[in-house]
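Structure at a glance
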Amino acid sequence: MTEITSLSLFELIKNIKEKKISSNEAAKSFVDRSEKSKKLNTYVTENFENCLKLSKEFDNKPNFDLKLPGIPIAVKDLFCTNEVRTTAGSNILNNFVPSYESTVTQNIWNEGGILLGKLNCDEFAMGSSNETSFFGNVQNPIAKDLVPGGSSGGSSSALAANLTPVTIGTDTGGSIRQPASFTGTVGLKPTYGSCSRYGIVAFASSLDQAGPMSKDVKDSSILLEVISSFDKKDSTSIDFKRNNYSSELTRNIKGIKIGIPKEYRVDGMPDEIENLWKKGIEYAKDCGAEIIDISLPHTSYALPTYYIVAPAEASSNLARYDGVKYGLRSSGESLIDMYEKTRSEGFGEEVKRRIMIGTYVLSSGYYDAYYLKAQKVRQLIKKDFDEAYNKVDAILTPSTPSSAFKIGEKSNDPVSMYLNDIFTVPVNLAGLPGISIPAGRDKNNYPLGLQIIGKPFDEQTVLNIAYSMEEKINYKNNITDWWME
Amino acid sequence: MSKNNSEYLIERNDNIYEVVIGLEVHAQVTSNSKLFSSSSTKFGAEPNTQVSLVDAAFPGMLPVINEYCVKQAIKTGIGLKAKINNKSVFDRKNYFYADLPQGYQISQYKYPIVGEGNVILDMPEGQKQVGIERLHLEQDAGKSIHDIDPSNTLVDLNRSGVALMEIVSKPDLRSPDEVNAYIKKLRSIMRYLGTCDGNMQEGSLRADVNVSVRIKGSTKLGTRCEIKNVNSIKFMQMAIIYEANRQVDLIEEGEEIDQETRLFDTKKNETRSMRSKEDAHDYRYFPDPDLLPLKITDEFIDQLKSEIPELPDDKKKRFIDEFKISSYEATILVSDIDTAKYFEEVVAKMGKNRDMKLAVNWITGELFAVLNNKNIEIAHSPISAKNLAKLINLIKNGTISGKIAKTIFELMMDGDIDPQIIVEEKGLKQQSDPKALEALIDKIINDNREKAIEYKQGKEKLFGFFVGQAMKASGGKANPQLINEILKKKL
């Protein structure tokens, strides 16, 4: 039999339901493998002992009607977890232990999931390589000293390394899809308003969205079904009828119209990305989809728009970390001095950079030129998609303009780092669902992903297209366990 | 310096200045829970016992609008005869302070829930209309306590997140007396509506006062100074007088007035600069992405309109029309909702043969005096409206005299006793039997023959002496009207 840790979530659930594997056996396998994988630096906080204990409790009183019966799951450390330290990858929350649970994680525990641990991420989810985390770099299991993407880098790494059967990340500008693309895994950002933001450490409130990360498309559909819910505690949560994503999952996408936006053919895009995209189009055709050329004319404004809106919201969202109530407090001569020292020591470079950008664009005299303008452009970007969706059901693009890069390669060049998000940010600005699926490899054998963008609340179509293409692409990660002694 | 109620003028070197005042009143919304959380708003609880995770701005916590507070703001807007906006937006006002847990206050900046309206002031010179610029909803901050611990500031977050209505007036006020009338009228309207208890001691009503001066007759506004967070009408008036004179002095010395924020020092009775315009905070307002724009339908507004009780202006009109009392009396009776309620109950209990004059006099005279003396609200009056109505009816139907009524009134206060019972138990019923009174008077005239003669010779003052004697002889119970009649006849 295959190792438990390399099973898909679907297979694992099946085995547990058929009592071939107990929850505790599963938990032990993932804990053991995680223990041997410390070099990847995926965990910020381990919950191993408790996970083993809870899995035993599950086995003593199993409930196989649940959607995640006794399944151990590690989650990004941006989700607040009751009585388990939650750091958001930041020194300023190094000692923070919430007394409450995020809605998304609560949904997982309600369906039988068990917390395995909290996964590393870029500080406050600001980054595309996991290098901004206070808790250090995360290794991509694909190859040594390769970034796992970000901000959900701990999640993508742990998933690709089989340290957790599935995981959840958050995606503000690509933080689920880009790391999925870098690690040969699947990452879905749902429609804004699908998954509650309650209890998720906020980065940019109008863009943040939690979503599943998994080894295959079916697993994402199972997890999405669990985490997507209307929540009165989040005023931006939307009460729409949610599908049974996994049972409605189908490879029959015949006649579905897929748009190819010409504006995504950006200057300097490597040939291998261009080729991947072409291959993707062929795969989609093979699945029975109709390919239509479309235009999203405001695409080139998406990145600058994003880098105004997101830092603006972040600069305000992060004002609460002031040393007064919780988290790090440095001593100071006065209140202002305490603020300055706490925030200087508590926040890393990238977070400070974005707070400064955000403060600047909201300042009186600059607000109209930056923030207000950006909001207007955001509406235009949204309109582009609305118009495209009059013609097509979904849109196919590359997930990222490059494959994973080396640790340290871009850490001193914020703009080149920001360019990583060029294909993913428009989706957040428009609040749409988008998935990244592994679709090929570059010359170094590093994974490359394709992105499928859907209509609002139409995660099902996105999943169905991804599910069909996945079969044709037939991508398999080749993980060598190089990090184990 | 000259002064009347509706103008405050300052004379310097032949120049006459008038003061122009606008108020930003912060009124705490009457609501059991806070604007964006379910924590209690009860005043006076132990520090930090009414604080939710949202109020303390824990990571990942999100605001959820309290619909009741929205209704309260709309009702207040209706009471101010103002436009209710179908769409309003919550913005973040960003600044750092220890008692502001989020690092921003959720407020409404560009799109407030309530637009322009007005308030009518009853001034001795007549009515004056004061324009309302806007009303918006916002969160209150917590409280920093600097004087308990010698080396630390302590923070109490009980107030953090409590709903406030900021009511901004137009610069229509011209004197401290108008400010007094304006605050009292606002308070009255909100108390009628049940949207703010108006309790200034508990901080439920505070104001930022904008003051400028200009040569009387000029139409251009002068440079204003804003005096922050003044929490009593008296202090507002003192601050305005100080500030207006300070500004006039500066102008007369040829100096410019800096637009700035000032504080009123209640001990020294002076305003002091807090920060100049250059140092003004850049609040970096932007729409709160955690909250959707607030959309209010016309049906919703109409529903709330139908729930609005009779407000002071309408009540006053009705009192005048229905009860034939004077405008002055009506103004006093409607100024506070509990007074109006009390009065209306007295009127109702008096029944058909009611005497409005007596009712008004007894409430605004004896009853107000007692309440003032004992510092009691009329809602907790020691004499119920029902029993006061009975007392008034006893006077009206001649059972007791006004003088005896005052004695009975005193006795009634000891546990709200029915005046009828006091009259019976103490035998205080008025003597109205003409024959008995005639006999009594005959005796008095007989006993005071010399004085009776003097009276007849023209010493009319002595009439009072005979009345007094008669009242005394009857133990105060004689019907004074009858005594007068009989005496006139007999003397």
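Residues numbered from 1 in each chain as written. Chains lettered and ligands numbered in written order. Predicted model: local features only at pLDDT ≥ 70, side-chain atom pairs only at ≥ 80, totals over all residues.

1. What about the overall build of chain A?
Summing up its helical and strand segments, chain A has 15 helices and 11 strands in all. In terms of overall dimensions, chain A is globule-like: its C-alpha atoms have a radius of gyration of 21 Å, near the 23 Å expected for 485 residues. Counting all 485 residues of chain A, 61% fall into the buried class. Considering only contacts in chain A between residues 6 or more positions apart, those separated by 24 or more positions represent 77%. (Helix = DSSP H or I, 4+ residues; strand = E, 2+ residues; numbered from the N terminus. Rg over C-alpha atoms; globule rule 2.2 N^0.38 Å. Buried ≥ 20, exposed ≤ 12 C-beta atoms within 10 Å, placed from the backbone. Contact = placed C-beta atoms within 7 Å.)

2. Brief notes about the overall build of chain B
In terms of regular secondary structure, chain B is built from 15 helices and 17 strands. Relative to its length of 491 residues, chain B is extended, with a C-alpha radius of gyration of 30 Å against a globular reference of 23 Å. Projected onto its principal axes, the C-alpha positions of chain B cover 95 × 60 × 50 Å. Of all 491 residues assigned to chain B, the portion counted as buried reaches 40%.

3. Some points on the environment of A:S364
Residue and element names in this part refer to chain A. As for its position among the elements, S364 is in the loop between helix 11 (349–362) and helix 12 (368–388). A count of 12 C-beta atoms within 10 Å places S364 in the exposed class. A C-alpha to C-alpha distance of 28 Å links S364 and I92, two positions 272 residues apart in sequence.

4. Considering the sheet that holds strand 4 (residues 166–170) of chain A
Residue and element names in this part refer to chain A. In spatial order, the strands read 4-6-5-10-11-9-7-8; together these 8 strands make up an open sheet with mixed pairing. Since the sheet does not close on itself, it has two edges, and those belong to strand 4 and strand 8 (290–294), each with one partner. Direction aside, neighbouring strands of the sheet carry axes that sit 30 degrees apart on average. For strand 9 (residues 394–398) and strand 11 (residues 447–454), the ladder comprises 5 bridges, and the chain directions are antiparallel. (Pairing = 2+ DSSP bridges. Axes fitted to C-alpha atoms, helices over the stretch in contact; angles between N-to-C directions.)

5. A closer look at the interface of chain B and chain A
Between chain B and chain A, the contact holds 27 residues from the first and 34 residues from the second. Across the side of chain B that touches chain A, the residue classes break down as 18 nonpolar, 5 polar and 4 charged. (Nonpolar A, V, L, I, M, F, W, Y, C, P; charged D, E, K, R; others polar.)

6. Section: the nonpolar core
Residues and elements named next belong to chain A. Of all hydrophobic cores here, the largest spans 140 residues; its most connected members are I73, I114, I227, I452, I465 and A466. Broken down by element, the residue count for this core peaks at 9 residues, all from helix 9 (residues 302–317). Not counting residues up to four positions away in its chain, the partners in contact with I465 are I253, I256, I258, A289, A394 and I452. (Core = buried A, V, L, I, M, F, W, Y, C linked by C-beta atoms within 7 Å.)

7. Structural notes on the domain arrangement of chain B
Residues and elements named next belong to chain B. According to the domain assignment, chain B contains domain 1 (2–305), domain 2 (310–426) and domain 3 (434–490). Placing a centre on the C-alpha atoms of domain 2 and another on those of domain 3 gives a separation of 32 Å. Tallying the contact residues gives 4 residues for domain 2 and 4 residues for domain 3. When its residues are assigned to classes, the side of domain 2 that touches domain 3 shows 1 nonpolar, 2 polar and 1 charged. (Domains from an automatic or database assignment.)

8. A few points about helix 5 (residues 312–323) of chain B
Residues and elements named next belong to chain B. Here helix 5 spans 15 Å end to end across 12 residues, near enough to the 16 Å set by a 1.5 Å rise per residue. All of the buried residues along helix 5 are P312, K316 and F319. The arc that holds the buried residues of helix 5, viewed along the axis, is 60 degrees, so those residues lie on one side. Facing away from the buried side of helix 5, by more than 90 degrees, are the exposed residues D321 and E322. Where the residues of helix 5 are buried, they touch helix 2 (176–193) and helix 6 (327–334). A positive phi of about 55 degrees marks K324, the residue just after helix 5. (Expected span 1.5 Å × (residues − 1). Arc of directions from axis to C-beta.)

9. A look at helix 12 of chain A
Helix length check: helix 12 of chain A (21 residues) gives 29 Å between terminal C-alpha atoms against 30 Å at 1.5 Å per residue, within 8%. Its buried side turned inward, helix 12 of chain A meets helix 9, helix 11 and helix 14 (425–429) of chain A together with strand 16 (286–287) of chain B.

10. Points about the environment of B:V423
Residues and elements named next belong to chain B. Of note, V423 is situated in helix 11 (residues 419–426). By the C-beta count within 10 Å, which is 22 here, V423 ends up buried. When the C-alpha positions of V423 and V155 are compared, they lie 59 Å apart, and in sequence the two are 268 residues distant. Setting aside chain neighbours within four positions, we find V423 in contact with L394, T399, I400, I408, L428 and K429.

11. Re the confidence of the model for chain B
On average, residues of chain B score 93 in pLDDT, and 99% of them reach the 70 mark or higher. Predicted complex metrics record ipTM = 0.97 and pTM = 0.92. (pLDDT = per-residue confidence, 0-100.)

12. Considerations on the packing of helix 12 (residues 434–447) of chain B against helix 15 (residues 480–490) of chain B
All names here are of chain B. Where helix 12 meets helix 15, the axes come as close as 10 Å, and the angle between the chain directions of the two elements is 50 degrees. Considering the angle they form, helix 12 stands oblique to helix 15. In terms of crossing hand, the pair formed by helix 12 and helix 15 is right-handed. Counting all contacts with helix 12, which are made through P434, L437, E438, I441 and I445, the residues of helix 15 involved are L482, I483, I486, L487 and K490. Residue composition of the contact of helix 12 with helix 15, grouped by class: 8 nonpolar, no polar and 2 charged. (Parallel < 35°, antiparallel > 145°, perpendicular 65-115°, else oblique. Left-handed = near helix turned anticlockwise from the far one by under 90°.)

13. Structural notes on unusual backbone geometry
With omega at 5 degrees, the peptide bond leading from A:G150 into A:S151 counts as cis. Its location among the elements puts A:S151 in the loop between strand 3 (114–119) and helix 5 (153–160). One non-glycine residue, B:K81, adopts positive backbone phi at about 55 degrees. Positionally, B:K81 belongs in the loop between helix 1 (67–79) and strand 4 (87–88).

14. Quick word on the sheet that holds strand 2 (residues 72–76) of chain A
Residue and element names in this part refer to chain A. Pairing is mixed across the open sheet formed by 3 strands, whose spatial order is 1-3-2. Each edge of the open sheet is held by one strand with a lone partner, namely strand 1 (43–46) and strand 2. Neighbour-to-neighbour, the strand axes of this sheet turn through a mean angle of 35 degrees, independent of strand direction. Sheet topology places strand 1 next to strand 3; 3 bridges connect them, and they run antiparallel. Bridging from a neighbouring strand, E46 pairs with G117 of strand 3.

15. Observations concerning the pairing of strand 10 (residues 434–441) of chain A
Residues and elements named next belong to chain A. The buried fraction of strand 10 is high, at 7 of 8 residues. Here strand 5 (residues 186–189) pairs with strand 10 via 3 bridges, running antiparallel. Opposite G187, over in strand 10, you have S436 as the bridge partner. Pairing of strand 10 with strand 11 involves 7 bridges; the strand directions are antiparallel. Residue I437 lies in a different strand from strand 11, and its bridge partner there is L450.

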